[in-house]
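# Observations on the model geometry
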Amino acid sequence: MSNYIPKIQPKRGQLFDSLFILVLVYVSLYIPLFLESDTASVEETAIVQSHSWESLGVSTVEQEQWQKLGYDEQAAAEIINDKFDYTIDPLMLIITALVIIGYFFFMLRVSKAQYREVIAEKFGDSSRETKQ
Amino acid sequence: MTATSTTAENTQRISMLKVLNPFHVWALGVGIVLVGEFMGWNFSVAKGGAYGALIACWVIGLLYSCVAMIDSEVTSTVAAAGGQYTQAKHIIGPLMAFNVGLYLVMAYTMLEAADALIVGDLMSAVAAATGYEGLSPQPFVVLTIAFLAWLNYRGVFMTLTLNFVITLFAFMAIIALFVGTDPLNPGSVLKHSDLLTELPYGWIGVVAALQFGMWYYLGIEGTCQAAEEVRSAGRAIPLGTIGGILTLLVAATLTWYISTGLMPWQYLGQATTPLYDAASIIGNPSLQVVLFIGTMFAAIASANGCINDAARAWFSMGRDRYMPTWFGAIHPHYRTPFRSIIFLIPIAVSFAFTGLLDQVITFSILSGLLGYTFMSINMIKFRKMWPLDVIKRGYIHPFHPIPALVLLGLCSVVYFATFLGYGASLLSIMAFYIVASVWFVMRRYQFVKRGDQFTMPWPRPKGY
Amino acid sequence: MILWEVLSYAAWIVSGLLLLWIVVDAINVSREFDEELLVSSREGADELLEQIEQEEGAR
């Protein structure tokens, strides 16, 4: 089995490769920002109304603690009424699941092929016995 | 070692210094994580309520116990600076190793940026409290990164000894706070019976909370990165890692107990510094100071450990030519991967200055999560390819393959939790790793010497 | 308050000096030593295996 002789990478190529991976990181950091900027503006239409501790369903002990933290009922109402929405988009869920599973599947396949090469070069062909 | 007799056998070689002991390993692991107790974990309260956060704390604690056990076993046989990266290279294959290396570098560098931002914001907060509004956090962010990088550059022993001291202080701060809440008389300070509510979003909220439950422990697996610098790695790493996860389980439970007994869950869910707020409610000024310093130290310790780990992962990839070889250099005097440390400084600073903290943190958590998914696959293959009697292990974890399968199952649930709040980020981060993988196969792998990647003195794996 | 402005500038200057020191040192090292030596470290077996073998032998 002839061993693979790797190419020697010139300095400029090394620099290019380091920068490439950096650019890739920044791009993937900014993508969700562009996707989300379309949807974010819709929710900012909450009507301002006056609140009391009772209407917020806050008990007396809770009210004490809120006040110790320096919050009055208006400021607290903003936090209390800010709720999460857990509706699931089944299509997106399926796409996401497929992407993750596909990624691992692809990676394990390719890794396995590369790994066989590594082992063959390190230990010799599988027909030959190795001493350890 | 028969096949890889290199030409440079007789020439001089430099290597990293073996100077660390189990306490350093503990400091590296717990140091990276503990900041998560001072801030961040409480977002799980917003997602699933106080009880949801407790369930998340323990379920994710189980996930990390599996991580710690699996990691300890593999690392006790693979003593190399790359940690999980080197494991992947020996057990699964080059492409997986490349991805794991990237997970490590991304997770740690981004966490480091977030930590430095915390230090900067705390400085602004102090300035505001003393009557100077609008202090820019930027110089303090840069100072934190610059100082810690300098420390890392000058040698691993001093770096992790400092980490031990400040991590211990931060941990003691949590204990002090717990004592300060008068835990023997529930109802006097802690008001759990009045503040704990039903699950506000039901069980789906509990699942969603799992994502931020990772904050309690994220980074404990970093202990492996020290493997090349620890004396008797086979014993020190398992000891430090498992000691670390026990410390964190205690710290996480105490943190939850203190915070939910003092603050309404809606407030807690959006607090920036929950433990410090807890100290302010109690109204004890010296506790407040201790908790402030604790928060600061925890953030610094975390950034410090992250620099250490990210640089070692990047260095290892350079050494194997997965990344440019230039990064595979070791400082002849300080014995640190000095070029990797330098290269990652501007990157960490730029992450801190993007203003995308949310995004950066999600990227960091997900990279960690991808790494844990890898670990479960890795463990199953490791036992299959080298059964217990074939190679000596410094530590053997019990109940195999249950921890690996539990880990895989929990990872899937956390992916789903991430999907619930950050679906777009999840897809874009996956896109990053997919493009990077293709790039590795098409371009980088041509520079890699095949047989040299396998460096452990293990026999031929079964089935190959 | 003037104190915080001074501290900010001090932080910039100290970070600048630390980074400068690191970069200068790295350049010096790269000049002074052969590149072959700098990248000569090898991953892999350490004293652990010998140690375990010794202990097994002693038993």
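Once a new chain begins, its residue numbering starts again from 1 and follows that chain's sequence as written. Following the order in which they are written, the chains are lettered starting with A and the ligands numbered starting with 1. For this predicted model, a pLDDT threshold of at least 70 governs which residues receive local features, and a threshold of 80 or more governs which side-chain atom pairs are given and counted, while totals over whole chains, interfaces and linings are taken from all residues. Based on all heavy atoms of the structure, the side-chain values leave hydrogens and waters out of the count.

## Let's talk about the arrangement of the chains
The interface with the most contacts, out of two pairs of chains in contact, is the one formed by chains A and B. Without any contact between them, chain A and chain C keep their closest C-alpha atoms 13 Å apart. Any two residues whose heavy atoms approach within 4.5 Å at even a single point are treated as in contact.

## Observations concerning the interface of chain B and chain A
Each side of the interface is counted separately: chain B has 96 residues, and chain A has 71 residues. Buried area is a sum: the accessible area each of two parts loses on coming together, probed at 1.4 Å, counted once for each and added. Both sides together, the interface formed by chain B and chain A hides about 7400 Å², and carbon and sulfur atoms give 71% of it. Looking at the side of chain B facing chain A, the largest losses of area belong to B:Arg450, B:Arg460 and B:Tyr464, adding up to 10% of the total buried there. Here, a salt bridge means any side-chain nitrogen of Lys or Arg that lies within 4 Å of a carboxyl oxygen of Asp or Glu. Connecting chain B to chain A are four salt bridges. Of the charged contacts in the structure, one is a salt bridge between B:Lys449 and A:Glu121, with a shortest N-O distance of 3.9 Å. Pairing of N or O atoms within 3.5 Å defines a polar contact, subject to two protein rules: one partner must be a possible hydrogen donor and the other a possible acceptor, and residues neighboring in sequence count only if both atoms are side-chain atoms. Summed over the shared surface of chain B and chain A, the number is 22 residue pairs in polar contact (both at pLDDT 80 or more). Tallied by class, residues from the side of chain B that touches chain A come to 64 nonpolar, 21 polar and 11 charged. In this classification, Asp, Glu, Lys and Arg are treated as charged, Ala, Val, Leu, Ile, Met, Phe, Trp, Tyr, Cys and Pro as nonpolar, and every other residue, Gly included, as polar.

## Description of helix α11 (residues 274–282) of chain B
All of the buried residues along α11(B) are B:Pro274, B:Leu275, B:Asp277, B:Ala278, B:Ala279 and B:Ile281. Here a helix means four or more residues in a row that DSSP labels H or I, a strand means two or more in a row labelled E, and each is numbered from the N terminus. Those residues of α11(B) hidden inside the fold are in contact with α2 (60–68) of chain A together with α1 (22–38), α6 (156–180), α9 (233–260), α10 (265–268) and α12 (285–319) of chain B. Just downstream of α11(B), B:Gly283 is the residue with a positive phi angle, here 80°. We call a residue buried when its accessible area falls under 20% of the maximum for its residue type, exposed when it is over 50%, and partly exposed in between, using a 1.4 Å probe and counting protein chains only.

## Overview of the side chain of B:Asp115
Residue and element names in this part refer to chain B. Along the chain, the position of Asp115 falls in helix α4 (residues 94–129). Among the polar contacts made by the side chain of Asp115, one reaches the side chain of Ser302 at a distance of 2.5 Å. Excluding residues that lie within four positions of it along the chain, Asp115 makes contacts with Val35, Ala299, Ser302, Ala303 and Cys306.

## Some remarks on the interface of chain B and chain C
Listed per partner, the contact involves 54 residues of chain B and 36 residues of chain C. Where chain B abuts chain C, roughly 3900 Å² becomes buried across the two surfaces, and 66% of that area is made up of carbon and sulfur atoms. Our count for the chain B to chain C interface comes out at one salt bridge. Here B:Arg339 ties to C:Glu35 by a salt bridge, and the two come within 2.9 Å at their closest N and O atoms. Summed over the shared surface of chain B and chain C, the number is 10 residue pairs in polar contact (both at pLDDT 80 or more). Those elements that provide at least two residues to the side of chain B that touches chain C are α3 (84–91), α4, α5 (138–153), α9, α12 and α13 (338–353) of chain B. The element contributing the most residues to the side of chain B that touches chain C is α5(B), with 10 residues.

## Here we look at the packing of helix α4 (residues 90–123) of chain A against helix α15 (residues 402–442) of chain B
Running from amino to carboxyl end, α4(A) crosses α15(B) at an angle of 30°, the nearest separation of the two axes being 10 Å. What the angle tells us is that α4(A) and α15(B) run roughly parallel. As for how α4(A) packs across α15(B), the hand of that crossing is left-handed. The segment α4(A) lies against α15(B), with A:Met92, A:Leu93, A:Thr96, A:Val99, A:Ile100, A:Tyr103, A:Phe104, A:Phe106, A:Val110 and A:Gln114 engaging B:Tyr415, B:Phe416, B:Phe419, B:Leu426, B:Leu427, B:Met430, B:Tyr433, B:Ile434, B:Ser437, B:Phe440 and B:Val441. Residues belonging to the contact of α4(A) with α15(B) are distributed by class as follows: 18 nonpolar, three polar and no charged. Helix axes are fitted to C-alpha atoms over the stretch in contact, other axes to C-alpha atoms as well, and angles between N-to-C directions run from 0 to 180 degrees. Reported orientations rely on four angle classes, namely roughly parallel under 35 degrees, roughly antiparallel over 145, roughly perpendicular from 65 to 115, and oblique for the rest. Helix crossings are classified by the rotation of the near helix relative to the far one: an anticlockwise turn of less than a right angle makes the crossing left-handed, while a clockwise turn makes it right-handed.

## Describing helix α2 (residues 43–75) of chain B
Residue and element names in this part refer to chain B. In this model α2 runs just 32 Å from its N-terminal to its C-terminal C-alpha over 33 residues, more than 12% under the 48 Å that 1.5 Å per residue would give. At Gly49, α2 is bent by approximately 115°, the largest bend along its length. Counting buried residues in α2 gives 26 out of 33 residues, a clear majority hidden from the surface. What a helix is expected to span follows from its residue count: subtract one and scale by 1.5 Å. The seven residues ending at a residue and the seven starting there each receive a fitted axis; the angle between those axes is the bend at that residue.

## Some points on the environment of B:Ala46
Note that B:Ala46 resides in helix α2. Take B:Ala46: its relative accessible area is 15%, and that puts it in the buried class. For the pair B:Ala46 and B:Ala236, spaced 190 residues apart in sequence, the C-alpha to C-alpha distance is 38 Å. Residues contacting B:Ala46, with those up to four places away along its chain left out, are A:Phe84, B:Tyr201, B:Trp265 and B:Gly269.

## Digging into the confidence of the model for chain C
What pLDDT conveys is the predictor's confidence in a given residue, as a value from 0 to 100. Per-residue pLDDT for chain C averages 81, and the proportion of residues at 70 or more is 71%. By mean pLDDT, the top-scoring element of chain C is helix α1 (residues 2–32) of chain C (94), and the lowest-scoring one is helix α3 (residues 47–58) of chain C (53).

## Describing the packing of α2(B) against helix α8 (residues 203–213) of chain B
Residue and element names in this part refer to chain B. Running from N to C, α2 and α8 cross one another at 70°; their axes reach a closest spacing of 7 Å. Taken together, α2 and α8 sit at an angle that is classed as roughly perpendicular. Together, Phe43, Ser44, Lys47, Gly48, Gly52, Ile55, Ala56, Val59 and Ile60 of α2 and Trp203, Gly205, Val206, Ala208, Ala209, Leu210, Gln211, Phe212 and Gly213 of α8 make up the contact between the two elements.

## Structural notes on the packing of aromatic side chains
All names here are of chain B. We call Phe, Tyr and Trp rings a pair once their centres come within 6.5 Å, taking the six-membered ring for Trp, and we label the pair stacked below 30 degrees between planes, edge-to-face above 60, and tilted otherwise. A complete count under the given rule lists 49 aromatic pairs over all chains for this structure. Between Tyr276 and Phe292, the ring centres sit 6.3 Å apart and the planes meet at 70°, which makes this aromatic pair edge-to-face. Taken together, the residues span a long stretch of sequence, with Tyr276 in helix α11 and Phe292 in helix α12 at a distance of 16 residues. Taking the relative accessible area as the measure of exposure, Tyr276 reaches 28% and is therefore partly exposed. With a centroid separation of 6.3 Å and an interplanar angle of 40°, the aromatic rings of Trp386 and Phe454 are classed as tilted. Of this pair, Trp386 sits in the loop between α14 (357–385) and α15 while Phe454 is found in the segment after α15, placing the two residues 68 residues apart along the sequence. Each member of the pair Trp386 and Phe454 is classed as buried.

## Side note on the pattern of salt bridges
Residue and element names in this part refer to chain B. If you walk through the whole model with that rule in mind, you get 10 salt bridges over all chains. For Lys89, the salt bridge is made with Asp320, and the minimal N-O distance between the two is 2.6 Å. Taken as a pair, Lys89 in helix α3 and Asp320 in the loop between α12 and α13 lie far apart in primary sequence, 231 residues in all. Using a relative accessible area of 2% as the deciding quantity, one classes Lys89 as buried.

## Topic: the environment of B:Gly421
As for its placement among the helices and strands, B:Gly421 is situated in helix α15. In sequence terms B:Gly421 and B:Ala208 are 213 residues apart; their C-alpha atoms lie 7.5 Å from each other.

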